[in-house]
Amino acid sequence: SNDDFDFDDVFKTPKVFGLNLGYGVTDSTELFSRIQCTVADSETFDIAQFTLAGTFGGVAISEGETITAQFDDYKEWGCTIGARHYIDRFEKLSPFVSIEGGVAHVEEIELDVFTSAGNLRDISFYSDSWAPKISTCVGISYEINKDASFTFLLQKQPRKDLNLVI
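Presented here is a report on the structure given in the accompanying data block.

Parameters and conventions
Numbers given for residues are sequential positions, taken from 1 along each chain in its written order. Local features in this predicted model are restricted to residues of pLDDT 70 or higher, and side-chain atom pairs are both shown and tallied only at a pLDDT of 80 or more, whereas totals for entire chains, interfaces and linings draw on every residue. Computation of side-chain values covers all heavy atoms of the structure but excludes hydrogens and water. Exposure above 30% relative accessible area and the absence of a salt bridge qualify a residue for a patch, where like charges join within 9 Å and nonpolar side chains (Val, Leu, Ile, Met, Phe, Trp, Tyr) within 5 Å. For the accessible areas, the method is Shrake-Rupley and the probe is 1.4 Å, while residue cover comes only from the protein chains on display. Each reported salt bridge corresponds to a side-chain nitrogen of Lys or Arg within 4 Å of a carboxyl oxygen of Asp or Glu. Positive charges come from Lys and Arg, negative ones from Asp and Glu, while His and the chain ends are left out of the count. Note on charges: their place is set at NZ of Lys, CZ of Arg, CG of Asp or CD of Glu. The helix and strand labels rest on DSSP assignments: H or I over at least four residues marks a helix, E over at least two residues marks a strand, and numbering proceeds from the N terminus. Only protein chains enter the accessibility calculation, which uses a 1.4 Å probe; a residue whose area is less than 20% of its type maximum is buried, one above 50% is exposed, and one in between is partly exposed. It only takes one pair of heavy atoms within 4.5 Å for two residues to be counted as in contact.

**Focus on a negative patch on the surface**
- Taken together, the side chains of Asp4, Asp6, Asp8 and Asp9 make up a negatively charged region of the molecular surface.
- For Asp4, the location among the structural elements is in the segment before α1 (7–10).

**Examining the side chain of Glu110**
- With respect to the helices and strands, Glu110 occurs in strand β9 (residues 109–114).
- The side chain of Glu110 is buried and forms no salt bridge, while Arg121, the nearest opposite charge, is found at 9.4 Å.
- In contact with Glu110, not counting residues within four places along its chain, are Gln70, Phe71, Asp72, Asp122, Ile123, Ser124 and Phe125.

**Some remarks on unusual backbone geometry**
- A positive phi angle is found at Glu91, which is not glycine, with a value near 60 degrees.
- Mapped onto the fold, Glu91 is located in the loop between β7 (74–86) and β8 (93–106).
- The phi dihedral of Asp122 falls on the positive side, at around 60 degrees, and the residue is not glycine.
- You can see Asp122 is positioned in strand β10 (residues 119–126).

Quick look at the structure:
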């Protein structure tokens, strides 16, 4: 059995969508709030290979059979506040660094286990939960006009994910 799985082993690359509202404190510093949604499709993965025949949760398992599993899709939404510091301005492009914190809600995740003799479905794995959220970012902002901009950023969160946010 393999009980050491990373997020990337069981989910595809997360898609992150968000909306920021910022207020310029100085020419180079901005305070902002963000509403964000993160979704990741699940992938089927191998969880065990049996060396003996037997039963697992009432399902017959053959010797040498590989058992696979799949989680529900990952769904999270959150609200954060933060500060962004622009390093320098190049025409309409402005690189920046930022830090933000807030709360996130992760929806319940259930696990389905698949064998050749039958399946075990809807095994409770992770309950709906709220958690603190903190992250650091680097990015580039493109000024559309004096009141609006488009931002490309890389966000690092403590759970070891590197999320691409557009």
